[in-house]
Structure formats: structure tokens, C-alpha cells
Amino acid sequence: MERMQQVVGRARAAFNSGRSRPLEFRIQQLKALERMVQEKEKEILAALHADLHKVGGGPNAYSHEILGVLAELALMKEKLPSWAAPQHVKKNLMTMRDEAYIGYEPLGVVLVIGAWNYPFVLVMQPLIGAIAAGNAVVVKPSEVSENTAQLVAELLPQYLDRELYPVVTGGVPETTELLAQRFDHILYTGNTAVGKIVMAAAAKHLTPVTLELGGKSPCYIDKDCDLAVACRRITWGKYMNCGQTCIAPDYILCDPSIQGKVVENIKATLQEFYGEDVKSSPDYERIINKRHFKRVLGLLEGQKIAHGGEADEASCFIAPTILTDVSPESKVMEEEIFGPVLPIVPVKSVEEAIEFINHREKPLALYVFSNNKQLIKRVISQTSSGGVTGNDVIMHFFLSTLPFGGVGHSGMGAYHGKHSFETFSHRRACLIKDLKMESTNKMRYPPVSQKKV
Amino acid sequence: NPYAGLVTHLRASWLSGKTRPMEYRMAQLEALGRFLDEKKQEILEATAADMGKPLFEVELSELLLCKNELHETLNNLSQWMKDKQVDKPLATRLDSAFIRKEPYGVVLIIAPWNYPIYLFMGPLIGAIAAGNCVIIKPSEVSKNTERLVAEALPCYLDQDCFAVVTGGVQETTRLLENKFDYIFYTGSPSVGRIVMTAAAKHLTPVTLELGGKNPCYVSDTCDVPNVARRVVWGRFFNAGQTCIAPDYLLCTLEMQKKLLPALHEAITEFYGPNPQESPDFGRIVGDKQFQRVKRLLCSGRVAIGGQTDEAERYIAPTVLVEVQPSDPVMQEEIFGPILPIVVVANMDEAIDFINSRERPLAIYAFSSNDKVVNEVLERTSSGGFCGNDTLMHVTLTSLPFGGIGNSGLGKYHGKFTFDTFSHRRGCLMRGMGRETLNAPRYPPYSQKKFGIVQATSKVTRKDDCILL
């Protein structure tokens, strides 16, 4: 208990000193983070490669993890002065002569718990928002992506204020200890089950939370669409990072008459992307560890494998796999797959697809492919999800003007860009009146007559 | 699970989609307006029976504030409901990106007893405006108003989508076992923890409007009679049973000497020489609460008031002096007509005093010197802040109302209520064509491809030249 209490206590004392509040200080810290990402690019990519077999020298890891971070840093530095400025609001007759505005203030000490699948960006992006909003931040990277966790623990203290932004490493026992401390906001990225644990721990201190969870993100393919294009985009989003993406299209819903064509198109795209021998493609990642390897492989049991299915435990390799005629009751349709296995569940109509989606927990993302704009609008209006991309997958994540977050079991709260700044800020209502002008107040004082009313 | 049937019924109505069209929401909101108008007399009588609420206070804090929220919502709903288009960087310029506001589903509103109409109606207006189905749980402590709401309100609303549930702690506990899509709770921090813990089991998002001790700092340079009136008004409104009432006063000994006669003057001006006879001064809501508040009178010394009458649950407008931070009256939110004065040496000591305690729902600072007011504002943290007055920030629907830390999480009023009960869904609509533009992102990866990705999607600093 001692260690966590000390770390958090120091962060709180540092916050209380007030030094994280001036805009100049925040921007200076953000600039330092920028230098860190630029100077230590090689080390970061090497850690990502060691953890997930993400392409070290190439653009894959860079574009997914580092580019996003640099973009967020640039945005924050640019916009911070305007976002942090008090927002004057509409007044009524009684307050006409007063100053009324919303002040943006830091919350205090924020806890960021990262996940292992995009281990760098998923601690960095929340950290950037929390720093920009003026908070102290305790960073807890996922221990599953151990190389990145270790690197983050080494690098942050070299570039940032050590007391305000400590990194804590460790597994379940350490995280449990950490969650017993009092924070002013917790942003957790991970799974639904642990999300409940985090919220319950937060409840003890009345700490607001942002939970970025997961679920099974459905992908509906309409008969009326360019299948080649649709399947290429879906293939890209499904198999990137070996399927270990919270907003990957988890499963496909489509008419049985196009199931065969969908399979053919995906197969062709896989060839285009990874070549004849996927295993030797430098662009195809691996499952994070043996436990998840076994879990994902187990989902193939009893399924019709239309493509793929090859696996190699030693390297945690699972080939890009497609399953057809999948039954809604099967194991692969019960949990978030988080692997390179794509089930196709046949449905006879868009109504059936909508009903199917609505009978399950609200997902983090929803995808629909169709040339028919009305159909897309209908699917969106009649379902709920964290976010949506129409006629593509994943892409809504990259638009920082869109709030990124879940709903229901896929999470609560949102962040990215200005939404991060607002998530980590307290919006304080301020009304400043004059001590004079008392006559206007007399109307509200007792003793009361009907006229006053 | 005694409420499972009700929740299932409401969820089925929710899934049918009937609460989503704007016309439906407007019709339900108009009906709420009719409830306030047609049941006005009953509301006056119920709140008078519950806590001796003076007519003026009901008109202002229960009816007018509700009507303001209603009109603001009806006037702006179509605007609020619209998809919000957002900026897009170069890569997605040809696409459409927007934020869609969507209802959560079946929401639960748990209301307290002190403003028993306003504090369920305010959230309810936003919940309906946002397209949800709602279960309302009024407080059993304000039992006359509870009965009125349970009997009369359902007649005005679509009973397939909106229900009132009554009961005490046990019933509320059973109710909280069900899965809701949002829970809005107004009450105490301790029960707030219970609500949030129950919500965590279902990953239900919450807004908690809680409380605390709202400090009121009075500097040495101020117009004493005006300060006294504004403080007295805020403290003794609803017999002190207001979550944003100034809970205690901080000032120097010199200021205290000037304030006491001014406070006495203001109290007499408002309530007459015997406040018990004034129709403008309320009563404590129940015997349990009366006993609790009465016990706080033994802290320090009574400088003004101090009289009580158990039969009427009357406690006189009271000011206590010689109060120590360790006294009972400084250990809990008072929620009664008692104003303790804690003497400090200067503004710095007042700020330190405030900052060593839980963050309150409101902080008040009085001074004719702007700098003093601003310094208190800047060096403290609270849900909201009002300089040179009390309570008034809550009357502006353009200001968010909520707490921080122990005083709560989330905010509402005006559009903020609509936003509270809406899920903001990020939507990106792409075209199927122009697939070549996507080519750079696909494997096999290459440095050249990456260069294009970077150039078309990064956010540049204003002064950077893209051509370089």
C-alpha cells in the first residue's frame, strides 16, 4: 500500500503546488513529449515490435501509434489557449450587468490505465489531454505489452516533470492497490469485466470515470454495394494488428447470397496485402501472448473455415481466417474476438441485421456498407454504438473532432482532441456580481407581496 | 426483483422507438407544462405541508425555474437534436462527419425532498427532450409531494414510457438492482457512493448532484448591509435546506463585529421580529432532520436566533459565533437555518481553510475589490462560484450546474441536461468511390506510401508550410 500511496501523494502535492496550471507550463510539457517521441522514435518502434511484432522500421506501427500521438500534440499546443479561455454565456435580465462564464479548470490527479494492443498511443493520447487540461497524471501502462510499459517508465521521467507525471508499472495486484487511492478522474482502456471493477473502485471516492471498453463491433454488408472495395476496406481494418483492435469489425452480417463473393474478395485482398505466405510478410503481426493465442484458436472449434485457420504456437501466429455460416449461438459469437478470425453470420434482410445488433450489447463501433444512403441512415438511426463509420472501417477513430468512446457495455465518456481537454477539465460556473445595484435584488427579498412575485 | 416487470415494459417501449420523434418529445414536454399549471394549487399545498415552503419560494424555486427549463428546451429542442457537423482534415474532406445525439434508453431519476418538484422536473425535462424513457423516484421524505407526483404526474405522460416509483431505502435499493442506461441522482455523498457502486455493476453512466459545506468569504472591504441581505436571503431560503446555500461564513473579527448587527437587521427586515410568525420563512421537513439540525445549535455561541419549536419543526434564523473548526456544526452539511461564522485572520487563511476541506458545490466571496473576488475564485475549486451574491448562478440556464469531488460529478440545466441524457455518437460517412485515395494505407507497407498518409492526415501548426 505504501508505494502507491506515496506516488499518488507526491503527485497530489505537486498538483496542489499549482505549477501544472499555467498554460506556459502545460505547453512546455507537451513540447517535451513531442521531443521524446521524435528523439526516441527508434526505441518506441522497437518496443512495439517486440511486444506485437509490429513492423519496426516501417510505417505500420508508426502510422498507428506515433503519427496519432504527434497529431494530438500539435493540436493541443495550437488550440490550448482558446480551449482554456473562459467561455462567456448568455445572461438574463436579472444578470444583465454581471459577468457570467464557464471557467475551465483542472480536476486534480488523473489516473490513466492503458491497454496492450496499441500500448503507446493508448497511454499517450489520454496523457496529452490530461496534461493539457492542467492535471497531474499517474500513468499505468499495460503489463501485458511489457516492452512498451518498461520503455514508457524509463522515458517519461527523462522528459516530463517527475512528480506530476509518474509512471507506475505492474500487474493486477499493483493496479488494485493503485485503484484504492483517490483520484479526480480515471480513464481506463480495456475490457468490460475490468471496467466494472474500475468503476466500482472509483465509486468509493466518487471519482468520475471514462471507460473505453469493447464488444463485438458488427459490420453489415448490403447486397447493393461495391463488394471489392468494401471487402478491401474490411480486410484492412479486421486484420491490422492481427485483429487486436477494439474497433475492428468483429463479425460480418450479410445476405447468404453474397457470402461466397465476400469470402472471395477478402481472400483476394489478403493475397494483395500479405502475399502468398502470410507468415513471412513483414506487415502481419502476431497474437500478444500464449493465453490469447489459445483463446482465439479455441473459437475456431466446430466452425466452417472458408479460409485460413493455420496457426503456430511458438510464434503466436494465427493466419487471417474467415468462418462462414456461423451460428449466433456459437462461442465465436459470444465474446469479442480480438484476433484475426472473421465470422460471417448470414441474415436475410437489413431488418434482421438491425434486430440482431439490437439484441446484443451496444458495441464500440458499427459499420455498414451500402450504395444506398437511406439504408445506411436507417441502420444508424435504428441502432446504437459508440461510433460509426459508413462504407469503411476504423476511420472515425482518426478524426479528432469526433468524440471517441463507447456506450452501454462498450464504455462511457469520450476523448480525442478537444473532447480529451473537456473530459479532463472541470467546467466551473462563475457568476460575478456587483455589490451595488441592490435595488434590483430587493424584488426577491421577503416580506413578499404578490407584486414581487 | 419487484421492479423487473416495470423496467422490462419501459425497455420494450424504448425499443419500439416511440420516444424518438421530436413531435413526441415536444408533446410530452408540453404536458409537463400543463401539469405545472393545472396542479399549481396542489403543489403549493403539498410543499407547504411538507416543509412550510412559503408561497414566494414555491413560485420562484419550484415553478418558475421549471418553466424556464421547459421553455428553454421547447424553444431549442430541434436545434439541439440536429447532427453536429465537425471539421475534417484533408484525408476525409470528401466525406461527411458529424456527432449524432442519441437517447441512452431507460433512465432513472432519483430526486431529493428539498425542492421536490424542481429537482425531479429539471432532469426529467432533459431526459425526455433527449428521447429517453424515464422512471422517476421522488423522495419519500417530502411525502405530500411524493403522493402528488405519484398520483397526478402519470396522467399527463405516456405511461408506457414514463413511470413514477415510490418508496424508501429498501425500495430504492431493489430498484437499483435493475439495469438502467443512465442514472441521475440528487442527494448526499454517502448515498451517491451507493448509487455509483450499484451503477458500476451494469456499467451505467451517472450524474451525481451531491453536496457539502459551501463556504462564504466576506472580505473587510464591502458594503456590509448589502452583503448581509444577500447572505441572509441565500442562507435562510427554504429554511436553509438548499444544496447551494452558503453553509458557513469566513471573515475577520473586525468584519464579524460589523456583520452581526447587519445580519440581525436583514433577518428582521425579511421575517419580522418573530420569524415564526412570518409567512415567508419555512420549516424543517421532518422530525429526524429537525433533531439533527437542532443538535448543531450547541456549537459556539448563539449570537442571533437559536429558538426552536418542535411541534412546528421550527428553527429560528440563527447565527453562531465563536465556532471552532472541530465543532459539530462544522463537521457536516448543515441543511438548516444556521449560519456559523468562523473567524480568520485574512483572505489567505480563508483560502487555506477552504482548500483543506472537500470541494463544495458552491463557493461565495464578497468584496468591493474585484481582485479579492477573483483571487478566491482562482485559488479554490468548487462546482460553481458566485461573487458578491448567493444562489443566483443557478438561475442562469446557460451555466452548467454540478459538483466536483465529493460534491458530485456531471452537470445539468438548460442544454447541459439534454447533453447529459444523450450519447454523443461520432459518425463518419465515406463514399465507396475514390478507392485509390485509400491505397497508401494498405499493406504491403512502404516508406513512400507512408509519406502520403502522413502528409494527408497530420495536423500541422499554423505557421508550418506544407510544401517544404
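Please read all numbers here as calculations on a predicted model, not as lab measurements.

**Quick notes on the domain arrangement of chain B**
All names here are of chain B. Here chain B is described as being made up of domain 1 (3–211 + 410–423) and domain 2 (215–402). The C-alpha centroid of domain 2 is placed 30 Å from the C-alpha centroid of domain 1. Each side of the interface is counted separately: domain 1 has 25 residues, and domain 2 has 27 residues. For the domain 1 and domain 2 pair, buried surface summed over both sides reaches about 2200 Å², with 59% attributable to carbon and sulfur atoms. Looking only at domain 1, the three residues that lose the most surface to domain 2 are E57, W113 and H413, adding up to 22% of its buried area.

**Some thoughts on the domain arrangement of chain A**
All names here are of chain A. Once the domains are mapped, chain A shows domain 1 (1–213 + 410–431) and domain 2 (218–397). Placing a centre on the C-alpha atoms of domain 1 and another on those of domain 2 gives a separation of 31 Å. Between domain 1 and domain 2, the residue contacts involve 16 residues of the former and 19 residues of the latter. In total, about 1500 Å² of surface goes out of reach between domain 1 and domain 2, with carbon and sulfur atoms giving 58% of it. When the buried surface of domain 1 facing domain 2 is broken down by residue, H53, W116 and S410 rank first, second and third, together holding 32% of it. If you look at where domain 1 meets domain 2, you find 0 salt bridges. Here domain 1 is connected to domain 2 by 6 residue pairs in polar contact (both at pLDDT 80 or more). Listed by contribution, the elements that provide at least two residues to the side of domain 1 that touches domain 2 are α3 (41–52) and α4 (59–84). Partitioning the side of domain 1 that touches domain 2 into residue classes produces 6 nonpolar, 8 polar and 2 charged.

**A closer look at the interface of chain A and chain B**
Across the boundary between the two partners, chain A contributes 106 residues, which contact 106 residues of chain B. Each partner contributes to the roughly 8500 Å² buried at the junction of chain A and chain B, and carbon and sulfur atoms together form 60% of this total. Summed over the shared surface of chain A and chain B, the number is 11 salt bridges. Viewed at the interface, chain B and chain A are joined by 47 residue pairs in polar contact (both at pLDDT 80 or more). Here the side of chain A that touches chain B takes 11 residues from α4(A), the largest share from any one element. Residues that form the side of chain A that touches chain B fall into these classes: 49 nonpolar, 30 polar and 27 charged. Judged from the 4 bridges that link them, strand β15 (residues 387–390) of chain A and strand β18 (residues 422–429) of chain B form a sheet pairing that is parallel. Each bridged residue has a counterpart across the sheet, and for V388(A) the counterpart in β18(B) is C427(B).

**What about the UniProt feature "active site" (unreviewed entry) in chain B?**
Residue and element names in this part refer to chain B. As recorded in UniProt, the sites labelled "active site" (unreviewed entry) are E209 and C243. Considering the C-alpha atoms alone, the annotated residues occupy 35 residues of sequence yet fold into one spot, their largest mutual distance being 9.1 Å. Within the secondary structure, E209 sits in strand β7 (residues 206–209). Setting aside residues up to four positions removed in sequence, E209 forms contacts with F184, Y185, T186, G187, F401, G402, S407, G410, K411 and Y412.

**Let's talk about the UniProt feature "coiled-coil region" (unreviewed entry) in chain A**
When the UniProt feature table is mapped onto this chain, "coiled-coil region" (unreviewed entry) is found at residues 23–50 of chain A. In the segment residues 23–50 of chain A, helix accounts for 96% and strand for 0%; the C-alpha atoms at its two ends are 37 Å apart.

**With respect to the environment of K436(A)**
Tracing the chain through its elements places K436(A) in the loop between β17 (425–432) and α15 (438–441). Owing to a relative accessible area of 58%, K436(A) belongs among the exposed residues under this scheme. Once the C-alpha coordinates of K436(A) and E301(A) are considered, the two residues, 135 residues apart in sequence, prove to be 79 Å apart. Discounting chain neighbours no more than four positions away, the residues touching K436(A) are N226(B) and R230(B).

**Regarding helix α6 (residues 146–159) of chain A**
All names here are of chain A. For α6, built from 14 residues, the straight-helix expectation of 20 Å at 1.5 Å per residue is met to within 8% by its first-to-last C-alpha distance of 20 Å. Every buried residue of α6 is listed here: T148, A149, L151, V152, L155, L156 and Y159. Those residues of α6 hidden inside the fold are in contact with α2 (23–39), α3, α5 (121–132) and β4 (136–140).

**Digging into the sheet that holds strand β3 (residues 106–110) of chain B**
All names here are of chain B. Pairing in this open sheet of 6 strands is mixed, and the strands run β5-β4-β3-β6-β7-β17 from one edge to the other. Two strands in the sheet have a free side with no partner beyond their single neighbour: β5 (162–164) and β17 (408–409). Looking at chain direction, β3 and strand β6 (residues 182–186) are connected through 4 bridges and run parallel. Residue pairing across strands places I109 opposite F184, the latter belonging to β6.

About the thresholds
- Residues numbered from 1 in each chain as written.
- Chains lettered and ligands numbered in written order.
- Predicted model: local features only at pLDDT ≥ 70, side-chain atom pairs only at ≥ 80, totals over all residues.
- Heavy atoms only, no water.
- Domains from an automatic or database assignment.
- Contact = heavy atoms within 4.5 Å.
- Buried area = accessible area lost by both parts, 1.4 Å probe.
- Salt bridge = Lys/Arg side-chain N within 4 Å of Asp/Glu carboxyl O.
- Polar contact = N/O pair within 3.5 Å; in protein donor to acceptor, adjacent residues only side chain to side chain.
- Helix = DSSP H or I, 4+ residues; strand = E, 2+ residues; numbered from the N terminus.
- Nonpolar A, V, L, I, M, F, W, Y, C, P; charged D, E, K, R; others polar.
- Pairing = 2+ DSSP bridges.
- UniProt positions renumbered as here; feature names shortened; annotations may be inferred.
- Buried < 20%, exposed > 50% of the residue type's maximum accessible area, 1.4 Å probe, protein only.
- Expected span 1.5 Å × (residues − 1).

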